[in-house]
Structures are given as structure tokens and as C-alpha cells.
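Each chain is listed here by its residues.
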Amino acid sequence: MNLSKISKQCRLLALGATALLTLGLTAGCGSSDQASSSGGKTYKIGIVQLVEHNALDAANKGFVDGLKERGFEEGKNITIDRQNAQADQSNLQNIAQRFVSAKMDLICAIATPAAQTIANATHDIPIVGTAITDYEGAKLVASNQEPKGNVTGTSDMNPVKEQIDLLLKLKPDAKTIGTVYCSSEVNSEVQVKAMTEYAESKGLTVKVATISTVNDIQQAAQSLVGSVDAFYEPTDNIIASAMPTLTDITNAAKLPVICGEPNMVKAGGLATYGIDYYKLGVQTGYMAANILEGKKPGSMPIEMAKDLKITVNKKNAALLGITIPEDVLKDADVVE
């Protein structure tokens, strides 16, 4: 074989090797780009809601929207398992075990009983709560400022003083206040205790009727009719889920109901100075995003609701023969 043929074959071999090398590098770059475009970890999030009613539904939606605003979006980098316990303790326990077995990266617990059940089931998975009045009282955290464990979240503690002041503006001749709440809800006990202390400091008398289930509401409310001038209802989940049952009694007796939050007013109560639960949920979603980004729940103080507003139900006021003062109406959200 002559030298020119050998030289030509060498050049062809070199070109082939270069082509193979280039192809290999290109293929390698392509697979690297594909891997990076698929994103990083997909986080598994469980949401457990105690019961279905407007306030908790709004907090649930706000939580998901808050996560999305912070870059954690369902179908992209998070999956969400949504569960509603329908106010059943055995359901809560089953949901808790399901979430623990699934090794969720984070759990959102909506309402105090839901958070208590989840917190008893795991001390490792981060838990953010919302629509919870008193984390310390519910034994969910060491303290509101330093939770220390795996639980943090947002509080829906009501401005009960302002709510009683609102009641007196709308019903200035009121001397006795009635309240119905579920005795097994710690959040309701806390609110009623605070309300009673303030009401008594204003010279009012408070009468209480407790319930265990929705089926008790009618009898409990009826037991107070005739001895009270108005009702005050905390953000009690059983009451909130069945406001029409309560207001059927109070409306017939021409008794106003001051509520713990706006959705209870929309469901038939007279008025509130209360929390926007959707915004509270968004605030909770931001806290969850901080945890997914590396923060520890135990070092994150419990956050209070930031947006409070007056809501009045003009239709209910007309039914009761109550005139809403202009200084109340001017800054209020009005339910027609």
C-alpha cells in the first residue's frame, strides 16, 4: 500500500472519530438539558380539613394559591392529596395514618382538631396549621413565639373585644348575650372565655349552651331564647357548618347574631369584625413555602391574621328591624 493511500485512510479515520466524538458530546448535552428542564424534586403535600364550610374552604383555597405565588404549583413541582374528615374523629385518624404512610413532605391541617390529630400521628413531617385559634392551648406548640416541634401556622384568634363593641353598636339595649358552641372545640372555648371576660367588664351577662353535634344546635339555641338579647358565635366549626339551623331560631325570636367571621354573616348572621379566611390561607401558604425552602417549623413563630374587616348582612338587619349606623356601614363589606 502506497503512502498516499495510507494518508487518505488516516484522514478518513480521523474524520469519523471526530464525528463520533461530536455526536457523543451533542447527545450528552441533550440529555443534560432534558434532565434540567424536568425540574427538581416534586414535593408531596397533604391537606386535611376538619369539615366543609365556607371559612375552611376559603382557607384551603388560599393555602394552595399562596404556595403557587411562591413558586410551588400543583402539577409542576408539588402534588396535593386533599382530604376532608367531615367532622369525624375516626376519619381524621385514618387520614393522618395515610399521610404518614405516604411520607408527605408537608401537611396542612385546617382547624384545631385536624391539627391535633395530625400532630399526634407524626413528630417528623412538617405541619402548618390554619384556622386554629390557640396553638398553645391546643398543645400543638411549646409557645407561639418558639413552637420548637414540627408544627407552626397561622391563628384565627378573633378580636372579641371589637366584636362585642360592634354588638353594642347594633343592639345598644342588650344586657344579656347568649352563645352556643361545641364543647369539644378548644378554639371555641378560648374565644368564649375571652368574650365573657370582656362582656362582663362592660356590665353584660353571658349565658352559654354547649353542643356536641349539629343535631344539638336547635335545642341549645331554643334554650336561650327568652333570656338573652343577642347571640355571639365564635368561629366554631360545627356552628359555622350549620348557621341556618341556628338563625332559624334566632330570626324567629328577632335576636341578632354577631359572628366570629364573615362567612357566618353571609350564611345568615347579622355582622362581624373578623378575619378574611382566604387571605389567612394565603399567609399559611407562604409559611409552607418557607418550610419547603428549608426553614424549620419549630423556629417559625405562629402568625396572626393580618386582614380584619367589618361585614354586615343588610337583609338580616331588615328582618330584625335593626338600623346599621352609618359609621359602621362606611367601612363595611355589605351582604345584601
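Residues numbered from 1 in each chain as written. Predicted model: local features only at pLDDT ≥ 70, side-chain atom pairs only at ≥ 80, totals over all residues. Heavy atoms only, no water.

A.B. asks: Could you give an account of the overall build of the chain, naming the residues involved and the relevant values?
C.D. replies: When helices and strands are tallied, the chain shows 13 helices and 13 strands. Sorting the 336 residues of the chain into buried and exposed places 49% on the buried side. In the chain, the proportion of contacts linking residues at least 24 apart, taken out of those at least 6 apart, comes to 70%. Accessible surface computed for the chain: about 15,800 Å², of which carbon and sulfur atoms make up 51%. (Helix = DSSP H or I, 4+ residues; strand = E, 2+ residues; numbered from the N terminus. Buried < 20%, exposed > 50% of the residue type's maximum accessible area, 1.4 Å probe, protein only. Contact = heavy atoms within 4.5 Å. Areas by Shrake-Rupley, 256 points an atom, 1.4 Å probe, with all protein chains shown as cover.)

A.B. asks: Describe the packing of helix α2 (residues 54–69) against helix α11 (residues 277–292), with residues and values.
C.D. replies: Two numbers describe a pair of packed helices, the interaxial angle and the distance between the axes. Where α2 contacts α11, the axes come no closer than 6 Å and their chain directions differ by 40°. The angle between α2 and α11 falls in the class oblique. Helix-helix and strand crossings are classified by hand; for α2 and α11 the assignment is right-handed. Of the residues in α11, those touching α2 at Ala55, Ala58, Ala59, Lys61, Gly62, Phe63, Asp65, Gly66, Leu67 and Glu69 are Tyr277, Tyr278, Gly281, Val282, Thr284, Gly285, Tyr286, Ala288, Ala289 and Leu292. Split into classes, the residues belonging to the contact of α2 with α11 amount to 12 nonpolar, five polar and three charged. (Axes fitted to C-alpha atoms, helices over the stretch in contact; angles between N-to-C directions. Parallel < 35°, antiparallel > 145°, perpendicular 65-115°, else oblique. Left-handed = near helix turned anticlockwise from the far one by under 90°. Nonpolar A, V, L, I, M, F, W, Y, C, P; charged D, E, K, R; others polar.)

A.B. asks: Account for helix α6 (residues 186–201), naming residues and giving values.
C.D. replies: Given a rise of 1.5 Å per residue, 16 residues ought to cover 22 Å, and the 23 Å separating the end C-alpha atoms of α6 matches this to within 8%. Listing the buried residues of α6 in full gives Asn187, Ser188, Gln191, Val192, Met195, Thr196, Tyr198 and Ala199. Considering only its buried residues, α6 is in contact with α4 (112–121), α5 (160–170), β6 (176–182), β7 (205–211), β8 (230–233) and α8 (237–240). Just beyond α6, the residue with positive phi is Gly203, at close to 85°. (Expected span 1.5 Å × (residues − 1).)

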